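# Coordinates in review
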Amino acid sequence: MARWSTAAAPSGMTMSAAGDTVGMTTTHRHPAHRHDHTDAPPLVVTADDGLLADLLPLAAAADVSPVVVHDAAAALAHWSRAPVVLVGPDAAEALAAIAPEARARVYVVTRRAAPHELFRTTLALGAEQVVELPVSAGWLVELLADLTEQLPGRARVIGVVGGSGGAGATTLACALGQWAARSGPAVVIDCDPQGPGLDRMLGVERRDGFRWDALCQTTGRLSARALRDALPRSGQLGVLSWYVDGRVQSLQAFAAREALSAARRGHAVVVLDLPRTRDPLLDELAARCDDLLVATVASVVGVAGAARMRARFVDHPSAGLVVRGEAFTDDEIRRAVGLPVRARMRDQRGLSEAVDLGLGPLRSTRGPLAGAVGSLLDTGRQAA
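Below is a summary of the structure that appears in this document. None of the values given here were measured: they were computed from a predicted structure.

## Structural notes on the overall build of the protein
Of regular secondary structure, the protein possesses 15 helices and 15 strands. In the protein, which comprises 384 residues, the share counted as buried stands at 52%. Considering only residue pairs separated by 6 or more positions, the protein has 71% of its internal contacts joining residues 24 or more positions apart. Carbon and sulfur atoms make up 51% of the accessible area of the protein, which totals about 17,200 Å².

Now the structure itself:
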């Protein structure tokens, strides 16, 4: 099975500390057309038997069976449907000459150091980059492996943030993950190093697996399969949290972006537990969420805190409130905060005991918490 490593980036590409790609082998970027034929095999275009002898074992390691064609004209029949196109140097110039439609995820693959002429051909073809073997074999396996593991459609990413202290945002995030994992792979991501720790909330703190400190020491592309296999899990629920000794005190941008990207590719639902701290990276992660839920208490202090949080995320198109308590009506809270109430719940008896027993906050499908998270996730499915 393919694994990701710190040396996963192709030759000619490095990752900066901020997660940006620098030193790319090509300078041209075509529009990223979407191709939704997720069940179609990748396409290999080459008549070079030596290159095929190198590529086909890599495809087998990734558990994919590519379509192989030997000339440019034959490639056109598969060009738009293939999720990834790998072009040999022997076919690249002829393929560029017939100008197939611009699309994403086209790579020119070579067995030797690429000459300058090959970079010009890659640019004319509209390919993303030149990939050199064997140095980039691991990266290529991970790229192909992701094709077999991506779930149909686009994973739903839900951010949860507290409108005020004690609002229960972390409890809500854990419960959302537990409910989502009943019907498909889900993951909760702990973005707060000063929080209680989602692995402890969900009873997986003693299970082996990667925490943030391991991810923050890596560079390169992180595959969905590698992340899913590396995290401590409870059934279909994965948890990305922090070591209890606090070896990493803050999120690093490149690790956070890679983790979210890999989680989105390999799960049906991704839940981010966001701290109330104002930080550019946290605001960026919140902006990447399909839904942003502000947890608050139905009190004067809680509503005032939620209003301040609303001002922080004023541009988010899908923000809403989850309210605990009944002191104010939904309409009163909406007018005060400027956000709709997505769900409301009463305090739940036995919640602390369930967490202390390692069961997580959602110990059954009944009760106020289960009703709230069930309605939130069901509403999202209907909207999709």
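Once you've had a look at it, read on.
## Here we look at the sheet that holds strand 3 (residues 43-45)
Read from one edge to the other, the open sheet built from five strands follows the order 4-3-5-6-7, with strand pairing classed as parallel. In the strand order of this sheet, the two ends are held by strand 4 (67-69) and strand 7 (129-132), each with one partner. The average undirected angle you get between the axes of adjacent strands in this sheet is 25°. In the sheet, strand 6 (residues 106-110) pairs with strand 7 via four bridges, with the strands oriented parallel. Paired with V108 across the strands is V130, a residue of strand 7. Where helix 3 (residues 89-97) meets the sheet, it contacts strand 3, strand 5 (85-87) and strand 6, and its direction lies at approximately 110° from that of strand 5.

## Structural notes on the packing of aromatic side chains
Under the defined criterion, the tally for this structure stands at two aromatic pairs. Residues Y107 and W139 carry aromatic rings whose centres are separated by 5.5 Å and whose planes lie at 80° to one another, so their mutual orientation is edge-to-face. Here the residue Y107 occupies a position in strand 6, and W139 occupies one in helix 5 (residues 137-149), the gap between them amounting to 32 residues. Relative accessible area serves as the criterion here: at 5%, Y107 is assigned to the buried category. Arranged with centres 5.8 Å apart and planes meeting at 40°, the rings of W212 and W242 form a pair that is tilted.

## Topic: the packing of helix 3 against helix 4 (residues 116-125)
For any two helices packed against each other, the geometry comes down to the angle between their axes and how far apart the axes lie. Two numbers describe how helix 3 lies on helix 4: the axes approach to 9 Å, and their chain directions differ by 45°. With respect to helix 4, the element helix 3 is oriented oblique. In terms of crossing hand, the pair formed by helix 3 and helix 4 is left-handed. Across from P89, A92, E93, L95 and A96 in helix 3, the residues of helix 4 making contact are L118, T121, A124 and L125. Across the contact of helix 3 with helix 4, the residue classes break down as seven nonpolar, one polar and one charged.

## Here's the deal with empty space enclosed by the protein
Here the idea is plain: a probe the size of a water molecule rolls over the atoms and shows the empty space left. Under the definition given, this model contains three cavities of 30 Å³ or more. Of the volumes computed, that of the second largest cavity is approximately 60 Å³. As for the second largest cavity, its lining consists of P42, V44, L55, L56, L58, A59, P66, L86, L140 and L144. Elements supplying a minimum of two residues to the lining of the second largest cavity: helix 1 (49-61) and helix 5. Split into classes, the residues belonging to the lining of the second largest cavity amount to ten nonpolar, no polar and no charged.

## Brief notes about the pairing of strand 11 (residues 237-240)
In strand 11, alternate side chains face the same way, and those of L237 and V239 on one face and G238 and L240 on the other are all buried. Relative to strand 11, strand 9 (residues 186-190) is paired through four bridges, and the arrangement is parallel. Across the sheet, residue V187 finds its bridge partner in strand 11, namely G238. Bridge count for strand 10 (residues 233-234) against strand 11 is two bridges, and the pairing is antiparallel. The residue of strand 11 that forms the bridge with R233 is G238. What sits between the antiparallel neighbours strand 10 and strand 11 is a turn of two residues, in which G235 has the positive phi angle 65°.

Cut-offs and rules
Residues numbered from 1 in each chain as written. Predicted model: local features only at pLDDT ≥ 70, side-chain atom pairs only at ≥ 80, totals over all residues. Heavy atoms only, no water. Helix = DSSP H or I, 4+ residues; strand = E, 2+ residues; numbered from the N terminus. Buried < 20%, exposed > 50% of the residue type's maximum accessible area, 1.4 Å probe, protein only. Contact = heavy atoms within 4.5 Å. Areas by Shrake-Rupley, 256 points an atom, 1.4 Å probe, with all protein chains shown as cover. Pairing = 2+ DSSP bridges. Axes fitted to C-alpha atoms, helices over the stretch in contact; angles between N-to-C directions. Phe/Tyr/Trp six-rings, centres within 6.5 Å; stacked < 30°, edge-to-face > 60°. Parallel < 35°, antiparallel > 145°, perpendicular 65-115°, else oblique. Left-handed = near helix turned anticlockwise from the far one by under 90°. Nonpolar A, V, L, I, M, F, W, Y, C, P; charged D, E, K, R; others polar. 1 Å grid on protein atoms, 1.4 Å probe; cavity = no way out; pocket = protein on both sides within 12 Å on 5 of 7 lines; lining within 4 Å. Points joined across faces, edges and corners; volume = space filled by probe spheres on them.

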